[in-house]
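Each chain, letter by letter, is given below.
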Amino acid sequence: MKYVVYILYSEELDRFYVGHTGDAMEERLRKHLSNHSGFTATAKDWILKYSEEYLSKKEAYARELAIKRKKSKKFIQNLINSVG
């Protein structure tokens, strides 16, 4: 099974969201856009801007936390720009 670290962006909020999943990315995005509680429920325009694949959940979660620890919008934008 593969795991994905992903970054979503909401133009409405001008915010990024970093997460990881073992689900298909299309399904995970659908869940973020559905009616639910949580941070991503505050907007309905989330789009996938970046993703990385990992072989284990442990690796994916560690990478998610490493990105979040940066607490830097510029770092995230540089990651996104690095893949063109």
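Residues numbered from 1 in each chain as written. Predicted model: local features only at pLDDT ≥ 70, side-chain atom pairs only at ≥ 80, totals over all residues. Heavy atoms only, no water.

The full count for this structure, using the stated rule, is 6 salt bridges. In this structure, the salt-bridge partner of Asp-23 is Lys-31, at a minimum N-O distance of 3.2 Å. On the accessibility criterion, Asp-23 (34% relative accessible area) is partly exposed. Residue Lys-31 is classed as partly exposed on the basis of its relative accessible area, which comes to 32%. With its nearest N and O atoms 2.7 Å apart, the salt bridge here joins Arg-30 to Glu-27. Of the two residues, Arg-30 and Glu-27 both sit in helix α1 (residues 25–33), 3 residues apart, roughly one turn of that helix. Using a relative accessible area of 30% as the deciding quantity, one classes Glu-27 as partly exposed. (Salt bridge = Lys/Arg side-chain N within 4 Å of Asp/Glu carboxyl O. Buried < 20%, exposed > 50% of the residue type's maximum accessible area, 1.4 Å probe, protein only. Helix = DSSP H or I, 4+ residues; strand = E, 2+ residues; numbered from the N terminus.)

What follows deals with α1. Of all the residues in α1, the buried ones are Met-25, Leu-29 and His-32. Projection of α1 onto a plane perpendicular to its axis shows the buried side chains occupying an angular sector of 55°, all on one side. Where α1 is buried, its residues touch β1 (3–10), β2 (15–21) and β3 (47–54). (Arc of directions from axis to C-beta. Contact = heavy atoms within 4.5 Å.)

This part takes up unusual backbone geometry. Negative phi values dominate among residues other than glycine, just as trans dominates among peptide bonds. Even without a glycine there, the phi angle at Asp-14 is positive, about 50°. Note that Asp-14 resides in the loop between β1 and β2. Under the relative-accessibility criterion, Asp-14 is labelled partly exposed at 39%. Of note in the backbone geometry, Lys-71 takes a positive phi value of approximately 45° without being a glycine. Position of Lys-71 among the secondary structure elements: in the loop between α2 (57–70) and α3 (73–82).

Backbone-to-backbone hydrogen bonds pair the strands of a sheet. The strands run either parallel or antiparallel. Judged by pairing direction, the sheet is antiparallel, and its 3 strands sit side by side in the order β2-β1-β3 without closing on themselves. The open sheet has two free edges, formed respectively by β2 and β3, since each of these has just one partner strand. Pairwise comparison of adjacent strand axes, ignoring direction, gives a mean angle of 15° for this sheet. Bridging between β1 and β2 involves 7 bridges; their strand directions are antiparallel. Across the sheet, the residue bridging to Tyr-6 is Gly-19, located in β2. On top of the sheet, α3 reaches β1, β2 and β3; it is set at about 65° to β2, its chief contact. (Pairing = 2+ DSSP bridges. Axes fitted to C-alpha atoms, helices over the stretch in contact; angles between N-to-C directions.)

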